[in-house]
Amino acid sequence: MVLELLRPTTETPFVIDWDWFKKQGIDAELAIRSQLCQQCRREFEQGAPVEEVDWVDPNTGEVFRVDSPREHIMAHCQWKPDYITTATPLATGVFRALLANNNRPLSPVQLAQRLGRTDPETILRVLTRGDIKNGIVPVHEAD
């Protein structure tokens, strides 16, 4: 058997590996809530319940079960003009983009478009250099 080492490229899809949070002893739900817009963050701070809800993908009609903070990100936060900007730190922007995309895989090329950045190579370097950030890994590592 030949072990093939796969080096990510700008076309390699990335996802959030939720097991990474567990292994690091980090509360994933707290990490998600920290990415809410100010308005939604206030709602949860004021006692809005965190519960499982159905979310319908507006593009495909597919129904997903998600927790309410993620639903807020997908349905509300991501549409605010200041939620992801070119001034958003790159690792934070990638995390937010993946959350807004219901953690469906996105490549650095797709992320560059979503983040309004012109250089997918820079995104690739940030995602593959050193420590894993926010549990974001290439799809072949999350299998």
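Whatever comes next refers back to the structure up there.
Within each chain, residues carry numbers counting from 1 in the order of the written sequence. Local features in this predicted model are restricted to residues whose pLDDT is 70 or higher, and side-chain atom pairs enter the listing and the counts only when it is 80 or higher, whereas totals over whole chains, interfaces and linings include all residues. For side-chain calculations, the full set of non-hydrogen atoms in the structure is used, while hydrogens and water are omitted.

Draft legend 1. The arrangement of unusual backbone geometry in detail. Phi at N102 is positive, roughly 55 degrees, even though this residue is not glycine. By the element assignment, N102 lies in the loop between α5 (90–100) and α6 (108–115). Only protein chains enter the calculation, and the probe is 1.4 Å; a residue is then buried if its accessible area is under 20% of its type maximum, exposed if over 50%, and partly exposed in between. By relative accessible area, which is 15% here, N102 ends up buried. At N134, a position not held by glycine, the phi torsion is positive, near 55 degrees. Strands here mean DSSP runs of E at least two residues long; helices mean DSSP runs of H or I at least four residues long; both are numbered from the N terminus. Inspection of the secondary structure assignment puts N134 in the loop between α7 (120–128) and β4 (136–138).

Draft legend 2. Looking closely at the packing of α6 against α7. Where α6 meets α7, the closest approach of the two axes is 8 Å, and the angle between their N-to-C directions is 110 degrees. Taken together, the axis directions place α6 and α7 in an arrangement best described as roughly perpendicular. Taken as a pair, α6 and α7 cross one another with a handedness that is right-handed. Across the interface between the two elements, P108, V109, L111, A112 and L115 from α6 touch P120, I123, L124 and L127 from α7. Its residues assigned to classes, the contact of α6 with α7 shows nine nonpolar, no polar and no charged. All axes here are fitted lines through C-alpha atoms, helices being fitted over the stretch that makes contact, and every angle between N-to-C directions spans 0 to 180 degrees. Under this scheme an angle from 65 to 115 degrees is roughly perpendicular, one under 35 degrees roughly parallel, and one over 145 degrees roughly antiparallel; angles in between are oblique. Should the near helix be turned counterclockwise from the far one by less than a right angle, the crossing is left-handed, whereas a clockwise turn marks it as right-handed. Any pair of residues with heavy atoms lying within 4.5 Å of one another is described as a contacting pair. Polar here means any residue other than Ala, Val, Leu, Ile, Met, Phe, Trp, Tyr, Cys and Pro, which are nonpolar, and Asp, Glu, Lys and Arg, which are charged; Gly is therefore polar.

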